[in-house]
Amino acid sequence: MKRWALLSGVVLGVVLLFSSAASAQDENPKAEVFAGYSYVRVNASGAPGFNMNGGSASISFNPSSSFGIVADFGGYHVGNSGGVSVDGNVYSYLFGPKLAYRSGRFTPFVQALFGGAHASGSGSVVALARVRPQGVIPVTGSLSENAFAMTLGGGLDVNATNHIGIRLIQAEYLMTRFTSETQNNARISAGVVFRF
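Just so it is clear, the structure is predicted and the values come from calculations on it, not from any experiment.

**Comments concerning empty space enclosed by the protein**
Point 1. Across all of its chains, the model carries 1 cavity of 30 Å³ or more by this definition.
Point 2. Taken together, Glu32, Phe34, Ser58, Ser60, Val70, Lys98, Gln111, Arg167 and Val193 form the lining of the largest cavity.
Point 3. Where the lining of the largest cavity is concerned, the elements lending two or more residues are strand 1 (31-42) and strand 2 (50-61).
Point 4. Class assignment of the residues belonging to the lining of the largest cavity gives a composition of 3 nonpolar, 3 polar and 3 charged.

Laid out in structure tokens, this is it:
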């Protein structure tokens, strides 16, 4: 009976030790993985703006409870927009620092990410022409280009459990430099965060 009591005490001690270590880890997750929906409003200079829909995913390695290093990847698509037949995609790959304030159920954060983007697509537009008797000229083209990209912004996570959170919003200024011009865009994301 004494051995059973001693064994139970050791098991209980080990369980308490691991649960306190897990609790401390939950307060400062070593890594966070986000996956969700992203909306991008593209504002190209000299052209009407248009919307892109897609998704983004990121992983944050957290050396401390308030500081993280983020790797962010996104993919966005545009179809017919504003009377223009377009089929285009933009892929972003961004890296940089993140500052978070972990307090109870809410985790607000800010981040600045830098990297690149790749755009590819094709489209056609009907242009009015006075020189042709038909009155219209179909113009078609394609694009495949890499460019510098950066984001500045932040968001708010709601912690559903110690290991799962809901990213209510991530709102960022997204700057790209396609065709040697600056595009001042906005990116808004929402989704799920997993903490380890």
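**Some details on the packing of aromatic side chains**
Point 1. Enumeration according to the criterion identifies 1 aromatic pair in this entry.
Point 2. Consider the rings of Phe73 and Phe95, whose centres lie 5.8 Å apart with planes at 80°: the pair is edge-to-face. You can see Phe73 sitting in strand 3 (residues 67-78) and its partner Phe95 sitting in strand 4 (residues 85-100), a full 22 residues away along the chain.
Point 3. Accessibility expressed as a relative area gives 41% for Phe73, which makes it partly exposed.
Point 4. The partly exposed category is assigned to Phe95, whose relative accessible area is 40%.
Point 5. Sitting over the ring of Phe109, Lys98 keeps its end group 4.8 Å from the ring centre.
Point 6. The positively charged end of Arg167 is found above the aromatic ring belonging to Phe34, 4.5 Å away from the centroid.

**Structural notes on the nonpolar core**
Point 1. Counting residues in hydrophobic clusters, the biggest one holds 15 residues, and the most contacted among them are Val40, Met52, Tyr76, Val90, Ala117 and Phe178.
Point 2. Once you skip the residues sitting within four places of it in the chain, Ala117 turns out to touch Val90, Tyr91, Ser92, Tyr93, Glu145, Asn146, Ala147, Ala149, Thr176 and Phe178.

**Some points on the pattern of salt bridges**
Point 1. Summed over all chains, the structure comprises 7 salt bridges.
Point 2. Between Glu32 and Lys98 there is a salt bridge, and its shortest N-O distance comes to 3.3 Å. On the criterion of sequence distance, the pair formed by Glu32 in strand 1 and Lys98 in strand 4 is long-range, its members being 66 residues apart.
Point 3. One connected set of salt bridges, linked through shared partners, spans Glu32, Lys98, Arg102, Asp157, Arg167 and Arg195.

**Concerning the confidence of the model for the protein chain**
Reading predicted coordinates in detail is not appropriate for stretches of low pLDDT.
Point 1. Predicted confidence across the protein chain gives a mean pLDDT of 83, with 76% of residues reaching 70 or more.
Point 2. Model confidence for the protein chain, summarised as mean pLDDT per element, is weakest for helix 1 (residues 2-27) at 44 and strongest for strand 7 (residues 164-176) at 98.
Point 3. Confidence drops under a pLDDT of 50 for residues 1-26, and excluding neighbours within four residues, the segment shows 3 contacts in the predicted structure.
Point 4. Confidence over residues 126-133 falls short of pLDDT 50; this stretch has 14 contacts with residues more than four positions distant or in other chains.

Rules of the game
- Residues numbered from 1 in each chain as written.
- Predicted model: local features only at pLDDT ≥ 70, side-chain atom pairs only at ≥ 80, totals over all residues.
- Heavy atoms only, no water.
- 1 Å grid on protein atoms, 1.4 Å probe; cavity = no way out; pocket = protein on both sides within 12 Å on 5 of 7 lines; lining within 4 Å.
- Points joined across faces, edges and corners; volume = space filled by probe spheres on them.
- Helix = DSSP H or I, 4+ residues; strand = E, 2+ residues; numbered from the N terminus.
- Nonpolar A, V, L, I, M, F, W, Y, C, P; charged D, E, K, R; others polar.
- Phe/Tyr/Trp six-rings, centres within 6.5 Å; stacked < 30°, edge-to-face > 60°.
- Buried < 20%, exposed > 50% of the residue type's maximum accessible area, 1.4 Å probe, protein only.
- Lys NZ or Arg CZ within 6 Å of the ring centre and 35° of its normal.
- Core = buried A, V, L, I, M, F, W, Y, C linked by side-chain atoms within 4.5 Å.
- Contact = heavy atoms within 4.5 Å.
- Salt bridge = Lys/Arg side-chain N within 4 Å of Asp/Glu carboxyl O.
- pLDDT = per-residue confidence, 0-100.

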